[in-house]
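A look at the structure
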Amino acid sequence: MLVSKAARRYATALLETAKEQKVVEETLKDILFIKNTIDDSKELLVFLKSPVIKPSDKEAALKSIFGNKISKLSNGFVELISSKERASILVEIVTAFIEQYNEYAGIIKIEVRTAHALDKAQINELKKVLEKTTSKKVVMDLKEQPELKGGLLVKIHDTVIDGTVKHKLEQLEQMFLANSVELN
Amino acid sequence: MSQVRPDEVSAILRKQLSGFDNEADVYDVGTVLEVGDGIARVYGLSNVEAGELVVLPDSKDDEGTPATGMVLNLEEDNVGIVLFNAANAVEEGDVVKRTKDIASINIGDGVLGRVIDPLGNPIDGKGPITGETIKLPLERKAPGVIYREPVTEPLQTGIKAIDALIPIGRGQRELIIGDRQTGKTSVAVDTILNQKATQNSEKPVFCIYVAIGQKASTVANIYKVLEENGAMEYSVIVSSPASDAAPMQYIAPFAGATVGEYFRDTGRHALVIYDDLSKQAVAYRELSLLLKRPPGREAYPGDVFYLHSRLLERSAKIINDDKVARQMNNIPETLKPKVKGGGSLTALPVIETQAGDVSAYIPTNVISITDGQIFLDTDLFNSGTRPAIDVGISVSRVGGSAQVKSMKKLSGTLKLDLAQYRELEAFAKFGSDLDPSTQAQLRRGERTAELLKQDVYQPLPVEREIVLLKVNSVGLLDKLPVAKISEFQSQFLETVLTKYSKEIEELASTGVLTDDFGDKVISTAQSVIDQILAAQEA
């Protein structure tokens, strides 16, 4: 997801303040709670993004949804966003915050795609290898994709390490096409 | 192609299958955020380089070839790429893969006689390019000062007016500028045709014709002319017709320069024609505006000057010293073992003006970059002066030192004759009321202008140009009626060629018109003139 410059600045401000007040973990919990709430309710997302709805109504709605469920700092932050008329980019701010928290905590999110589900031992093994190569705490996003046929694909940031059978077959196809020989 | 035995095929297959190992492939990817007008914005690709080629394996056109693009904009949170093909097949969310290849093409001697697209793929239906090819980047820095030499060798265009008055040297950049339909392309094609004479010499000139944003029918026509005149053997056509996407038209001249550099850096001589750079500038403007770069004068981006200057700087005469040449800057690794000194790349960029306005943005830019210009004029063209070269404002800043000696001697008075004639032309209608010296000037000028006329696709070898100008310089033609000049020209050349074939050959090789041969030429001309006049009276 593309995160705007403004969202990144709000996220940085929140993280820095949380670090100062030593409430990083609580803030993260609040932010995750906000993220899950928005992810679960499409109506809320549309409501926040709508240019027709008045900022004051948005502020009131956010207050009544999150008001007593999140910490004082997070509450203040939601209020700040509403008063600056930035409620529409709340989702982006939340995403940016999680990204920045991961960097701060040395956590790296790695996508892993396999044709068949991995068993526990394999997952642990893979995690160990990935943690060793990246020297960071690895959070794996595992997904099954039967069309890969076999092997596995690991995506770290923009770099893909592709060991799937599907990719091998594609490479082979290309090699044959490139070296195709005209008969007669 | 020769028959391939079944076991050979199997052997190849086995060899390729053995490469089917367990090694994982590592590559960088990004995702398309938005796409439109042949431009895609991509998220990710954090390590990509500017000018790098990217592939979109999921976005395939009707024939199943995946879309390819080139990275032009590197921004804080996204990458702007231009798509070469299958732009309609690209959708939001498609995967974009790095190729780690800066845009480059495969070049070898096998490209001669072929028509290729700006990415080096043959498009003439004659199969793949044969022989050894090497990969060369499209964008390359021009050679530095110490690897260059002043222009000293002539490049004969075969057009009398140009070779005499606006001489071009190997390694020079001479602009051909004029309105539409003034014969710009004809001047360029004539020059290619005239290089046929050099093919049997020690220093043949290879030609590259780059067609940018032209009608495909025009390109086909030029191909036909070159083919019929046996010029395709030493020529390459790089074609990016008007139907090509703007990115293709933008890179076409760079592809032409790369082919030229291949010959230049291997110690040979090449001539590249960019027809025309105004269309390239328009294509680049389109890309720049779509990439949201700020527009400047005439809505061209700020770096449109650099676009043309870096392209034309690549034309050069390389120092005739293999040791120094080998240390030249920015030589691609693949080319290094083949580098030789003494080569050259001459450029004839073409610019189309609107209603003769040379002070528009792109014309002034390219005029200031090049070493002179050949200005073609609509009025001259319509009055029958073809090639319609305006001698008064056409110049060659460096070609003089490359001119053949005797030609240089003869052309000295020629320019003056013509200039004075153009000045007095308006008084011509007073006829016999004028004083004798003015009349003489008018008579001489009229005949000189007539002599410089030349049919299209009929370039003249330099030695024939010299003998013709010699005859004119002593004023022999003054007696002839203007209408008889072309008749004289053909009869005279025929006689000289049959009578003095040895002397003509010597003149061609040394470039020196001896006094003895000069006298013979004049007496021959006199007898031909007498014949023509006698026939007229009878």
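Let us look at the structure shown here. (Residues numbered from 1 in each chain as written. Chains lettered and ligands numbered in written order. Predicted model: local features only at pLDDT ≥ 70, side-chain atom pairs only at ≥ 80, totals over all residues.)

The next point concerns the overall build of chain A. Helix and strand counts for chain A stand at eight helices and four strands. Along chain A, helices and strands appear, N-terminal first, in the series α-α-α-α-α-α-β-α-β-β-β-α. Computed over the C-alpha atoms, the radius of gyration of chain A is 22 Å, more than 25% above the 16 Å expected from 2.2 N^0.38 for a compact globule of 184 residues. In terms of principal-axis extent, the alpha carbons of chain A reach across some 80 × 40 × 25 Å. Looking at chain A as a whole, 21% of its 184 residues qualify as buried. Taking all contacts inside chain A whose residues are at least 6 apart in sequence as the whole, residues at least 24 apart take part in 68%. (Helix = DSSP H or I, 4+ residues; strand = E, 2+ residues; numbered from the N terminus. Rg over C-alpha atoms; globule rule 2.2 N^0.38 Å. Buried ≥ 20, exposed ≤ 12 C-beta atoms within 10 Å, placed from the backbone. Contact = placed C-beta atoms within 7 Å.)

Turning to the nonpolar core, a few remarks are in order. I81, I208, V210, V272 and I273 of chain B are the most contacted members of the largest nonpolar core, which totals 139 residues. Setting aside its immediate chain neighbours within four residues, V272 of chain B contacts I208, V210, G256, A257, G260, L345 and A347 of chain B. One finds A7, A11, L14 and L15 of chain A within the second-largest nonpolar core, a separate group that totals 22 residues. (Core = buried A, V, L, I, M, F, W, Y, C linked by C-beta atoms within 7 Å.)

What follows deals with helix 6 (residues 277–290) of chain B. The periodicity of an α-helix, 3.6 residues per turn, causes residues three or four positions apart to be oriented the same way. Over its 14 residues, helix 6 of chain B runs 20 Å from end to end, which matches the ideal 20 Å to within 8%, given 1.5 Å per residue. Across the 14 residues that make up helix 6 of chain B, a large majority, 11, are buried. (Expected span 1.5 Å × (residues − 1).)

For the rest of this paragraph, the subject is the environment of D61 of chain B. All names here are of chain B. Counting through the fold element by element, D61 comes out in the loop between strand 3 (52–60) and strand 4 (66–74). D61 sits 29 residues away from V90 along the chain, and the two C-alpha atoms are 9.0 Å apart. Setting aside residues no more than four positions away along its own chain, D61 makes contact with A67, N85, A86 and A89.

Here the focus is the pairing of strand 3 of chain B. Successive residues of a regular strand alternate their side chains across the two faces of the sheet. Residue and element names in this part refer to chain B. The sheet contact formed by strand 3 and strand 6 (residues 95–102) spans three bridges and is antiparallel. Among the inter-strand pairings, V55 is bridged to a residue of strand 6, identified as K97. In this sheet, strand 4 lies alongside strand 3 in antiparallel orientation, the contact comprising five bridges. The residue bridging L53 from the neighbouring strand is M70, located in strand 4. (Pairing = 2+ DSSP bridges.)

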